[in-house]
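# Observations on chain architecture
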Amino acid sequence: MNIKTALYLIPCTLGESSDSSLIEKTLPSYNKEVVKQIKFFVVESKKCAIRFLKLLAPEIDIDSLHFEELNEHTDAKTIGHYLDPILKQKQSIGIISDAGCPAVADPGALVVEMAQNKNVPVIPLVGPSSMILSVMASGFNGQSFSFNGYLPVKPGERASKIHQLENRAWNENQTQLFIEAPYRNLKMFETILSTCRKQTRLCVAAGITTEAEYIHTHTIEEWKKLPEPAINKVPAIFLIFHG
């Protein structure tokens, strides 16, 4: 199989695992065949990308690959050459996020924008999306939903934003999704419980597709009576909807 010269968006697993069955469960075999033909990658973290590639295709010669990092520490003014393998060498490039689909709540979107502006073919591959999977499992409105990314870190601003999203859920019948850095998950959970009305429903979806998968929906009133969920330092997504 020969692939088209393009920018490939390569989904990875939603959690870490040394078990190849996680790859088999979440990614089609076609992705592996594409990846094996790519030598240039733009990645959120080189360390995470290498770990994923070794799990996906152990036969890959990692030392023959070229990596450019693009994350919150990267100066956007320095990435103008990231598409050079395609533009100058006619070599495909793969984008890999640390988890899930690249360019969705991910800095890789900057390279995709560059590619579209330069008429470079962009090919998204099939893979797990925590947003879609959590909406599917939440029991909330799957016809109208909004992903709001990361909320403010400052407690007062965060609570105000949650209150705003809760009002949208009630007034617009729209599911509201947002995420937090895994080490702040429990703080986010506490803020939601202390901010939202008791009838509002909250779905906590963490460790999706992994052995630690946890997806539960309850009203705020019900959550307050339950043990604290085991979501500390586990990638999670929060969804709120009206009662």
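Everything here concerns the structure above.
A word on the side chain of Thr219. Relative to the elements of secondary structure, Thr219 occurs in strand E9 (residues 214-219). Thr219 sits in the buried class, given a relative accessible area of 18%. Apart from residues no more than four positions distant in its own chain, Thr219 is found in contact with Lys198, Gln199, Thr200 and Arg201.

The next point concerns the sheet that holds strand E6 (residues 145-150). The strand order across the open sheet formed by 5 strands is E6-E7-E10-E8-E9, and the pairing between neighbours is mixed. Taken across any chain shown, the strands that pair with only one partner, and hence form the sheet edges, are E6 and E9. Between one strand axis and the next, the sheet turns by 15 degrees as a mean value, whatever way the strands run. Relative to strand E10 (residues 236-241), strand E7 (residues 175-179) runs antiparallel, the two sharing 4 bridges. Each residue of the ladder has a partner; that of Gln176, found in E10, is Ile240. Contacting E6, E7, strand E8 (201-206), E9 and E10, helix H6 (residues 130-138) runs over the sheet at an angle of about 45 degrees to E10. On the sheet, helix H7 (residues 155-172) packs against E6, E7 and E10 and is oriented at approximately 50 degrees with respect to E10.

As a packed pair, H7 and helix H8 (residues 185-195) sit with axes 10 Å apart at the nearest point and diverge in direction by 60 degrees. Taken together, the axis directions place H7 and H8 in an arrangement best described as oblique. Where H7 crosses over H8, the handedness of that crossing is right-handed. Along the contact surface, H7 presents Arg158, Ala159, Ile162, His163 and Glu166, while H8 presents Lys187, Met188, Thr191, Ile192 and Thr195. Grouping the amino acids of the contact of H7 with H8 by side-chain chemistry returns 4 nonpolar, 3 polar and 3 charged.

In this structure, Lys90 is a non-glycine residue whose phi angle is positive, near 55 degrees. Assignment of secondary structure puts Lys90 in the loop between helix H4 (84-89) and strand E4 (93-96). Although it is not a glycine, Asn119 adopts a positive phi angle of roughly 60 degrees. Following the sequence through the fold, Asn119 ends up in the loop between helix H5 (109-117) and strand E5 (122-124). Overall, Asn119 belongs to the exposed group, its relative accessible area being 68%.

As a further point, take the pattern of salt bridges. Inspection of the entire model under this criterion finds 8 salt bridges. Between Glu166 and Arg197 there is a salt bridge, with the nearest N and O atoms lying 3.5 Å from each other. With Glu166 in helix H7 and Arg197 in the loop between H8 and E8, this pair connects stretches of sequence that are 31 residues apart. In this structure Glu166 comes out as buried when scored by relative accessible area, which is 2%.

Cut-offs used in this document
Residues numbered from 1 in each chain as written. Predicted model: local features only at pLDDT ≥ 70, side-chain atom pairs only at ≥ 80, totals over all residues. Heavy atoms only, no water. Helix = DSSP H or I, 4+ residues; strand = E, 2+ residues; numbered from the N terminus. Buried < 20%, exposed > 50% of the residue type's maximum accessible area, 1.4 Å probe, protein only. Contact = heavy atoms within 4.5 Å. Pairing = 2+ DSSP bridges. Axes fitted to C-alpha atoms, helices over the stretch in contact; angles between N-to-C directions. Parallel < 35°, antiparallel > 145°, perpendicular 65-115°, else oblique. Left-handed = near helix turned anticlockwise from the far one by under 90°. Nonpolar A, V, L, I, M, F, W, Y, C, P; charged D, E, K, R; others polar. Salt bridge = Lys/Arg side-chain N within 4 Å of Asp/Glu carboxyl O.

Function-wise, these values are silent; they only describe arrangement.
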